[in-house]
Every structure is written in structure tokens, then in C-alpha cells.
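Here are the chains, one letter per residue:
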Amino acid sequence: MFHDYDVIVVGAGHAGTEAAAMSARLGANTLLLTSNLDTIGQMSCNPAIGGIAKGTVVREIDALGGIMGRATDRATIQFRMLNRSKGPAVWAPRAQCDRTLYRRAVRSLLEAMPNIELTQGMVTRLILDDGHPRVAGVVTGDGRTFRARAVVITAGTFLRGRIHLGTDTQIPAGRAGDQPAVDIAQHIDTLGLTTSRFKTGTPPRVDGRSVDWSKLERQDGDPEEYRFSFYERIERPRQVACWITWAGEAVKEIIRAHLQESALYGGAISGRGPRYCPSVEDKIVKFPEAKRHQVFLEPEGLDTSELYVNGLSTSLPASVQLEFLRAVPGLENARMTRPGYAIEYDYYPPTQLTPWLETKPVEHLFFAGQINGTTGYEEAAGQGVVAGINAVRRIRGAEPVVLGRDDGYIGVLVDDLVTRGVDEPYRLFTSRSEFRLLLRQDNALRRLAPLAEGLGLLTAPELRVVEHRLRQEEDLLALARATTITPGAAVPVLAGTGTSLEEPERVAAVARRPGVSLRAALEAAGVAVAADEAAIASAAIELKYDGYLVREREAAARLAELASFALPPELPYLQFKSLATEARQKLERVRPTSLAQAARIPGVSPSDLHNLVVETMRWRRRVA
């Protein structure tokens with residue numbers, strides 16, 4: 001049986017659903033093919049979306065017409081803006097989600113789109129054009145053939161996935177309860193692509209009815225009703241609290257006593273895991289001086305008492321997991337509903353991809369998500385957007401779309417992957433970008449909606465939303481720059497800031513002062529402000545950081561000129577405190593001969609490179 005499509009997306013996790021959505025929005029006849037239709041949009045690990053840099057990615061996906069932001073808004077049961085005490089460049093929206101509501105929202109959003117079909121089936125091999133390294137479709141294990149002009153593979157952790165619970169229990173699986181994808185992995189081996197292995201993990205879950213809440217610290221969400229999506233303003237579900245406890249000395253003693261039973265430390269796992277999401281075994285071994293480690297109890301949803309025990313990811317046997325859980329304050333009588341586990345899986349080093357995520361050996365074959373060596377829902381979804389757009393553009397003979405590092409964190413992500421590769425599961429941070437002030441969560445629509453409009457990704461109602469929001473911001477900026485405020489009118493505006501106004505001044509200048517509200521300044525100057533709060537906040541940030549944005553671009557230009565900067569072999573990298581710890585460690589190990597070589601080391605960000613130049617010049621002056 002043959003079926004013809006423009007684009008086939010294999011896998012319906014966070015990368016696959018975004019790739020399919022982008023393809024369908026561009027008018028391509030799209031098939032989303034998954035091994036289980038009931039797990040479309042499944043949150044396989046923690047039930048949360050957003051966080052440092054990740055929340056900005058969600059807003060970028062939304063600005064381009066993706067579904068992650070909309071699904072999150074429909075499933076949010078707690079919202080917090082992280083890093084609010086710091087500058088807006090690192091503000092990070094994060095939503096705790098109802099796992100079931102999120103999955104339902106993703107499927108509902110997909111099924112509401114024209115040009116997209118959802119089908120269940122396990123892909124076992126690709127079809128290639130005769131005599132040409134170009135993909136032409138897929139074959140499933142039940143004998144069906146689906147032809148297409150492009151294929152996007154978003155297999156997550158399913159490629160030869162193997163779950164580890166201790167050193168003795170190994171279960172072939174893509175995740176708990178799902179079969180791994182072995183045949184397609186073996187087929188990809190024949191295409192000339194290098195394969196490697198990574199591992200990730202998940203913590204145990206507990207029954208909230210068995211928790212002693214009196215011993216926990218309550219953590220409520222922010223009171224304001226933030227939305228990830230620029231385009232929808234739906235009502236959020238009921239909001240709930242998360243809870244904080246600690247893994248202290250008792251937990252550490254149990255884990256030390258059973259360390260060799262861990263799959264990670266007992267030798268059962270060879271793949272490398274994510275540095276920034278370590279297992280509890282890694283925490284105990286690598287940070288022995290830490291007296292305790294924070295643990296978050298996060299609700300899995302509104303219709304269940306099950307809790308996700310964030311901070312205790314493990315590959316220890318289930319019996320040991322229950323033992324150390326009951327050593328955590330508040331969990332002395334905990335009932336473990338599901339054990340945690342580690343999972344090892346295939347990925348393909350992403351330097352084998354073009355900047356638009358097409359494989360170099362096989363034309364019109366795209367990879368997105370954990371298959372490229374990343375970790376995290378948001379990183380996967382961002383890659384899905386890029387792959388979905390470019391799958392359609394390639395089959396239409398159009399120029400691929402490559403997001404620049406100054407366009408968005410999605411551009412930073414893809415550039416890091418294909419240019420520098422990975423030696424551990426890649427996770428986004430604001431520190432990976434040299435344009436942190438430019439790439440904020442509040443201005444994603446301004447940055448990317450024009451591109452989305454030019455590509456034809458947005459509907460007429462969505463374009464009206466874009467026009468309304470951007471016009472509000474532009475009008476506010478123009479008003480602030482044209483309106484004068486007098487010293488008398490400015491007194492209540494400047495109250496509590498420790499500053500005063502000696503003579504009339506433009507509102508734009510006054511609004512740059514710390515603690516000054518743009519709305520209050522305009523209203524004090526006699527201007528009625530009818531704009532949305534989000535537009536006002538974005539305009540205020542643009543005013544406060546206008547000069548810094550200019551200097552940021554100039555610094556990036558200077559950095560490009562220093563790509564051939566020589567690095568002496570005896571540089572004391574570990575002493576260069578202006579560099580991130582990860583960068584210092586990797587530079588010390590590799591000892592690059594030039595700045596260009598240093599730039600290719602995973603974990604060394606553009607901002608680290610800029611600081612390395614400064615540190616090297618200082619060191620040269622000291623030793624001269």
C-alpha cells in the first residue's frame with residue numbers, strides 16, 4: 001500500500017509535533033507518523049515547560065506559529081518568572097504543567113490544522129531514490145509504505161533505547177512502557193552517518209497522599225497571569241503549589257552504600273549524561289562538600305496525587321530508590337508510584353547536519369531533537385521548527401532558512417550544534433549567546449514575526465495580533481521620546497528611586513532610571529496610556545537598554561576579527577575567573593592553539609571567547 005505526502009515526520013514528541021505544525025502551516029501535505037498516537041506531545045520527564053533560556057525559546061517558537069506556547073498555556077498549573085531579581089536579559093518564564101492536559105492540548109492543536117494527518121506505526125527503514133542519496137519515503141513494521149519528498153526524523157530516546165535500573169535490570173525501551181526503535185537505527189547505520197550514545201534519566205514519582213506536608217516548604221506561583229503565547233489568551237487551569245525539601249546526610253549515606261549498584265557507577269552505562277541535570281549519584285560523588293541537595297515535589301496534574309520528585313534522578317535499583325526516598329524529610333512514609341531510571345540511546349553527532357538540519361549524506365532527510373545530541377523539551381521543539389520549515393523549502397527549491405545567532409536562541413542552538421558539535425547532551429543557557437540583551441523573552445514577536453509573515457506561517461488573525469502588538473510598542477517608544485515631563489510632575493514617579501529631576505526632560509530619559517515605571521512617567525506627563533501591560537514592559541526594556549544593545553553588536557563584530565588570535569600553550573585557564581567554569585575546564589583539557597580552535601570546543605560560549613581574549617592580553621602583559 002502506497003501513500004504520497006510532501007513531508008513525513010517520524011516521531012510525535014516535542015520536536016516532531018513542531019516540525020509537523022510548521023510543515024502544515026506552509027501548506028505541505030504532512031504526515032505525522034508515531035509509534036503510539038496516545039503519547040503525542042508526551043512529557044517524558046518533568047512536567048514543566050520553560051526556564052533559563054528555554055522559556056525564551058518557547059516564545060520564539062510561538063512567534064513563528066508553533067504550538068508549544070499555546071499548549072503550555074492550556075496546561076499551566078503554576079507559573080513563575082525566574083531570575084526576576086536580575087536584569088530582563090535573563091528573565092525566564094517557567095510553567096508547571098498538567099501532564100495530561102498538555103498532551104491533549106498538543107493533539108488538539110495539531111488536529112485543528114489543515115494539511116496534516118496523524119498515523120500510528122513504527123518506522124523500520126527509509127526509502128531512497130534509485131542512484132541518488134535522497135530520501136523518498138518510509139516503510140513501517142506492518143508493511144505499509146509512505147512516500148514523501150522529505151522526511152524529518154525526531155526519534156527522541158527511542159533509537160536502540162535501553163532503560164537501566166541498577167546493574168542487573170536492563171529493559172529495551174524508548175521510555176518506560178514504549179518499545180525502542182531498533183530497525184530504523186540499524187538502517188540509519190547504513191547511510192554513512194556516525195552514531196554515538198548518550199544517556200539521560202528520570203527520578204522516581206511518589207503518591208502525594210503519603211507525603212507529610214508539614215515538613216515541606218510551600219512554593220506558590222506568581223500572581224500575575226503570564227501567557228507564553230502571543231496569539232491566544234485562554235483561561236488557565238486551576239493553579240497549585242509546588243513543594244521544597246532536601247536530600248541530606250541520610251540520603252547521602254544510603255547512596256554511598258549502594259553506589260556500585262547504580263547502572264552509572266557499576267559500569268552498565270557507557271553513554272555520557274547531561275552535565276546540568278546530574279543524577280543524585282553524581283551529586284553525591286562530585287559534590288561531596290555539599291551538606292544537602294534541594295528536592296522539588298512537583299504535581300503531575302490536577303486529577304492525580306502523583307508527584308514528580310525533581311532532583312533525585314537515578315539509575316539505582318528500585319528497592320534502593322525507596323530506601324533513600326524515605327530518608328528525605330516529608331517522605332518518611334512515601335509510597336513510590338514509579339521508580340526512576342536511566343536510559344541510554346543513539347544520537348548522531350550534529351556536525352553531520354547542515355545549518356538547516358538536513359543530513360549531509362542524504363538529501364531531504366532531516367534530524368531534530370535528541371537525535372542530534374540535545375536534552376530538553378524546548379531545545380527539541382526549536383529544532384523541530386527549523387527542520388519542519390526547511391523540509392518544505394527544500395522540496396520547493398527555495399533557499400533554506402537559517403536563523404542567526406542574533407535572531408534568536410533557536411539560532412544559537414542550531415549554530416552551536418552544527419558548527420561545534422556536542423560531547424555531552426546539549427542544553428541551552430543564556431550564557432551561550434553573545435546577544436543576551438537582544439534575545440529576550442518579551443521581544444520574541446518583534447524579532448521573529450516578520451520572518452514568520454514572510455514565510456507564510458501566520459494566519460490573518462495572527463497577523464493582526466502582530467500588527468497590534470508591534471504598533472503599541474512603537475507608539476509607546478515614540479511617545480516616550482517626544483513627551484517632556486516637568487520636575488514637579490516627576491516627583492511621584494521618582495519617589496523611592498533616590499533621584500530627582502532638576503529641569504524638564506524627555507520621558508524616555510527618565511524611564512531609563514532604575515525603578516522608574518514607563519507607564520507612570522507617561523501618565524505623570526499627561527499622556528493617557530491604553531497599551532497592554534506586555535507591550536509597555538517591552539517598550540520600557542528597549543528604552544533602558546538601548547545603548548547596551550548597540551555596544552553588544554559592536555563587541556560581536558570585534559570578536560569576529562579576533563578569530564585567528566593565538567593562544568600561548570602555557571595559559572593558566574583555570575585562573576581566568578571571568579570565564580564560565582565549564583569553559584575553563586574544557587580549555588584546560590584541550591589547550592587550543594588559537595581562538596578559532598577554542599570557539600569549536602563545546603561548552604565554550606561566544607561570551608567566554610570575548611573574555612578569553614581580555615584575559616590572555618592581561619596575562620601577556622603580566623609575563624612580558
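Look above for the structure.
Reading the values: the criteria
- Residues numbered from 1 in each chain as written.
- Predicted model: local features only at pLDDT ≥ 70, side-chain atom pairs only at ≥ 80, totals over all residues.
- Heavy atoms only, no water.
- Helix = DSSP H or I, 4+ residues; strand = E, 2+ residues; numbered from the N terminus.
- Rg over C-alpha atoms; globule rule 2.2 N^0.38 Å.
- Buried < 20%, exposed > 50% of the residue type's maximum accessible area, 1.4 Å probe, protein only.
- Contact = heavy atoms within 4.5 Å.
- Areas by Shrake-Rupley, 256 points an atom, 1.4 Å probe, with all protein chains shown as cover.
- Lys, Arg positive; Asp, Glu negative; His and termini not counted.
- Charge placed at Lys NZ, Arg CZ, Asp CG, Glu CD.
- Pairing = 2+ DSSP bridges.
- Phe/Tyr/Trp six-rings, centres within 6.5 Å; stacked < 30°, edge-to-face > 60°.
- Lys NZ or Arg CZ within 6 Å of the ring centre and 35° of its normal.
- 1 Å grid on protein atoms, 1.4 Å probe; cavity = no way out; pocket = protein on both sides within 12 Å on 5 of 7 lines; lining within 4 Å.
- Points joined across faces, edges and corners; volume = space filled by probe spheres on them.
- Nonpolar A, V, L, I, M, F, W, Y, C, P; charged D, E, K, R; others polar.
- Expected span 1.5 Å × (residues − 1).
- Polar contact = N/O pair within 3.5 Å; in protein donor to acceptor, adjacent residues only side chain to side chain.

Undergrad: In this structure, what is going on with the overall build of the protein chain? I would like to understand it.
TA: Secondary structure summary: the protein chain contains 20 helices and 22 strands in total. Over its C-alpha trace the protein chain gives a radius of gyration of 25 Å, about what one expects of a compact globule, namely 25 Å for 624 residues. With the principal axes as the frame, the protein chain shows a C-alpha extent of 75 × 65 × 60 Å. The buried share among the 624 residues of the protein chain stands at 58%. Of all intrachain contacts in the protein chain linking residues separated by at least 6 positions in sequence, the fraction that spans at least 24 positions is 73%. Just so you have it, the protein chain exposes about 24,700 Å², and 51% of that area is on carbon and sulfur atoms. Side chains of the protein chain carry 76 positive and 75 negative charges; the gap between the two charge centres is 3 Å.

Undergrad: What's the story with the pairing of strand E4 (residues 76–82) in this structure? I'm lost.
TA: Here is the key point about a regular strand: its side chains alternate between the two faces of the sheet. For E4, the buried fraction is high: six of the seven residues fall into the buried class. Where E4 and strand E5 (residues 92–97) come together, six bridges link them in antiparallel fashion. The residue bridging Phe79 from the neighbouring strand is Ala95, located in E5.

Undergrad: Before we go on, may I ask you to explain the packing of aromatic side chains in this structure?
TA: Pairs of aromatic rings are described using the distance from one ring centre to the other and the angle between the two planes. Within the structure shown, the criterion is met by eight aromatic pairs. Between Phe79 and Phe228, the aromatic rings sit 6.2 Å apart at their centres with planes inclined by 80°, giving edge-to-face as the arrangement. You can see Phe79 sitting in strand E4 and its partner Phe228 sitting in the loop between strand E14 (217–219) and strand E15 (242–247), a full 149 residues away along the chain. Each member of the pair, Phe79 together with Phe228, is buried. Through pairs of rings, three or more aromatic residues link up here, namely Phe79, Tyr226 and Phe228. The ring centre of Phe230 lies 3.9 Å from the NZ or CZ of Arg59, which sits over that ring. Between Arg292 and the ring centre of Trp246, over which it is positioned, the NZ or CZ distance is 3.6 Å.

Undergrad: What am I meant to see in empty space enclosed by the protein here?
TA: All told, the structure shown has three cavities of 30 Å³ or more when counted by the stated rule. The computed volume of the largest cavity comes to approximately 100 Å³. At the level of elements, helix H10 (409–420) and helix H18 (581–590) are the ones that each hand at least two residues to the lining of the largest cavity. Residue composition of the lining of the largest cavity, grouped by class: four nonpolar, two polar and seven charged. In this structure, the second largest cavity occupies an estimated 60 Å³ of space. Lining the second largest cavity, in full, are Leu64, Val385, Val386, Ile389, Asn390, Val401, Val402, Leu403 and Leu451. In terms of residues, the lining of the second largest cavity owes the most to one element, helix H9 (residues 377–395), which gives four residues.

Undergrad: I would appreciate a short explanation of the environment of Gln370 in the present structure.
TA: You can see Gln370 is positioned in the loop between strand E20 (365–367) and H9. For the pair Gln370 and Leu159, spaced 211 residues apart in the sequence, the C-alpha separation amounts to 10.0 Å. If near-sequence neighbours (up to four positions away) are discounted, Gln370 is found in contact with Gly156, Thr157, Thr200, Tyr345 and Tyr347.

Undergrad: Where do I start with H9 in this structure?
TA: Within an α-helix, residues lying three or four positions from one another point in the same direction, as the helix has 3.6 residues per turn. For H9, built from 19 residues, the straight-helix expectation of 27 Å at 1.5 Å per residue is met to within 8% by its first-to-last C-alpha distance of 27 Å. Burial analysis of H9 places 17 of its 19 residues in the buried class, the great majority of the element. Phi for Gly397, located one or two positions after H9, is positive at around 75°.

Undergrad: Looking at this model, I keep getting lost on the layout of surface pockets. Mind explaining?
TA: Here the idea is plain: a probe the size of a water molecule rolls over the atoms and shows the empty space left. When its volume is computed, the second largest pocket comes out at roughly 990 Å³. If you go around the second largest pocket, you meet 35 residues; those closest to its centre are Asp442, Glu533, Ala534, Ile536 and Ala537. Every element with two or more residues in the lining of the second largest pocket is listed here: E4, helix H12 (460–482), helix H15 (518–524) and helix H16 (533–544). Among the elements that take part in the lining of the second largest pocket, H16 stands out by supplying seven residues, more than any other. Residues that form the lining of the second largest pocket fall into these classes: 17 nonpolar, five polar and 13 charged.

Undergrad: I'm lost on the environment of Thr157 in this one. Help?
TA: Tracing the backbone shows Thr157 in the loop between strand E9 (145–153) and strand E10 (162–165). Sequence separation of Thr157 and Val251 is 94 residues, and the distance between their C-alpha atoms is 29 Å. A polar contact of 2.6 Å, which involves the side chain of Thr157, links it to the backbone oxygen of Gly174.

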